[in-house]
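Descriptive structure summary
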Amino acid sequence: GTREQGSGEPNYLVTEHISKSYGSNMALTPIDLSLQKGELVTLLGPSGCGKTTLLRIVAGFNAPTTGRVLLAGRDLTPLPAAKRQMGMVFQAYSLFPNLTAQDNVRFGLKVSGVSVAESDKRLNTLFALIGLEEARTRYPHQLSGGQQQRVALARALAIEPQVLLLDEPLSALDAQVRLNLRDEIRRVQRETGTTTLFVTHDQEEALAISDRVVVMDKGRIAQLGTPEDIYRRPATPFVAEFVGTANGLDAAATGDDQIEVPGWSAPVRVEGARRFARGERLRLYLRPEELRLSAGTGADGLSGRVTDKRFLGSITRLSVRVGEHTLVADLQGNEAAAHPVGEAVTVTLSLLAAHVLRAGPAHP
Ligand code: ATP
């Protein structure tokens, strides 16, 4: 049955002070991470931030320079990949081309010495789970990319792994297939209760699929939190700008509950501004959905002009020139219709939802 996320045992999969150097290049600075049983945690970050390196160390393909990988309290670090009982899915096309879908899945079972009767039972369950019963006897070249990745997922789950490791499993797929399979992976992961580490550079994917997200930057953890934390309460300018669309503006602390934004006629009151000393350099972040527009020039708010408009389906994204800045505002279709390109508008900020951070180094 479905296991509730959050009920799992804590510290189930732990990376304890894991670091990795390649010569003088510190690909990972000591990383301490802890997944609870049944949790799906995503490593998110730009190319080169070290997420694949960390995943491969957990898998046992690479040895760490320092630190240990622990599973349920047991030190796995000396064990080779094959002895770690982890299932892996890679970016794409890792199926054996000369084996049918079901023989691909069966392969891992044979290797781990599961009986034929038990194998057959598991195959039935797995193909039902991934919804590909009709394609069991097809070869990989007779399957779509999305179907191949589902078979790869079934193969990874066949050994009933303690941990599932997914390295950009969706990035070779078309947009629609990608969204469907993302939801499928999450469903299967929940139904099987498999503790999962998922690597992606796609922030939307990370927010949608994860219990918690680890945002990585240059071999470090920039922030670890729930998708909501990461999006609403980014810990650093790097996180605010990497995750989601952020209107980021330079600002200065006034020493009280307001901040000054160059080019804005008056200081604005922002939650949390008091914690900064007068004159400190800040960044103000406003999510596009937090901006409100009204036609004309109002007393309360910033005067601007609509310079661009893009219909994105469920929302319409407007660019609004305010002084020297261009702000991005996401509006519902009917609200957006009221503000044609070229129109003068007043922007009101939901400053309760705004977020101020100290500008400067990403890792204070
Ligand atoms: P990508 O999404 O591009 O794969 P990533 O976040 O997964 O990026 P890693 O592949 O883990 O990043 O790489 C982290 C750093 O380690 C990079 O600076 C990379 O150049 C370096 N690196 C990775 N593998 C090796 C290696 N075998 N030898 C030397 N340097 C390496």
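Note: the structure precedes this text.
The sections below set out a description of the structure shown in this document. Keep in mind that this is a model prediction, so the values were computed, not measured. (Residues numbered from 1 in each chain as written. Predicted model: local features only at pLDDT ≥ 70, side-chain atom pairs only at ≥ 80, totals over all residues.)

This part takes up the nonpolar core. In this structure, Val215 and Leu284 are the most contacted members of the largest nonpolar core, which totals 93 residues. Examining the composition of this core, we find that seven residues originate from one element, helix α4 (residues 145–158), more than from any other. Contact partners of Val215, with chain neighbours within four places excluded, come to Leu44, Gly45, Ala222, Gln223, Ile230, Val239, Phe242 and Val243. (Core = buried A, V, L, I, M, F, W, Y, C linked by C-beta atoms within 7 Å. Buried ≥ 20, exposed ≤ 12 C-beta atoms within 10 Å, placed from the backbone. Helix = DSSP H or I, 4+ residues; strand = E, 2+ residues; numbered from the N terminus. Contact = placed C-beta atoms within 7 Å.)

Relative placement of two packed helices is described by the angle separating their axes and the distance separating the axes. Contact pair helix α2 (residues 101–111) / α4: the axes reach a minimum separation of 8 Å and the direction vectors enclose 20 degrees. Here α2 is positioned roughly parallel relative to α4, judged by the angle of their axes. Crossing of α2 against α4: the hand is right-handed. Residues Ala101, Asn104, Val105, Gly108 and Leu109 of α2 form the contact with α4, whose participating residues are Val151, Ala154, Arg155 and Ala158. Classifying every residue of the contact of α2 with α4 gives six nonpolar, two polar and one charged. (Axes fitted to C-alpha atoms, helices over the stretch in contact; angles between N-to-C directions. Parallel < 35°, antiparallel > 145°, perpendicular 65-115°, else oblique. Left-handed = near helix turned anticlockwise from the far one by under 90°. Nonpolar A, V, L, I, M, F, W, Y, C, P; charged D, E, K, R; others polar.)

Moving on, we get to the environment of Arg283. As for its position among the elements, Arg283 is in strand β14 (residues 281–286). Look at Arg283 and you get buried, because 20 C-beta atoms sit within 10 Å. A C-alpha to C-alpha distance of 5.5 Å links Arg283 and Ala251, two positions 32 residues apart in sequence. The residues contacting Arg283, other than those within four sequence positions of it, are Pro237, Gly248, Leu249, Asp250, Ala251, Leu357 and Ala359.

Let us look at the packing of helix α3 (residues 116–129) against α4. Closest axis-to-axis distance for the α3/α4 pair is 10 Å, and the angle between their directions is 140 degrees. Overall, the two elements α3 and α4 adopt an arrangement that is oblique. Handedness of the crossing formed by α3 with α4: right-handed. Residues Arg122, Leu126 and Phe127 of α3 pack against Ala154, Leu157 and Ala158 of α4. Counted by class, the contact of α3 with α4 contains five nonpolar, no polar and one charged residues.

Now for unusual backbone geometry. At His17, a residue that is not glycine, the phi angle is positive and equals roughly 55 degrees. Within the element layout of this structure, His17 appears in strand β1 (residues 13–22). Phi is positive for Glu160, which is not a glycine, with a value near 50 degrees. With respect to the helices and strands, the residue Glu160 is situated in the loop between α4 and β7 (163–167).

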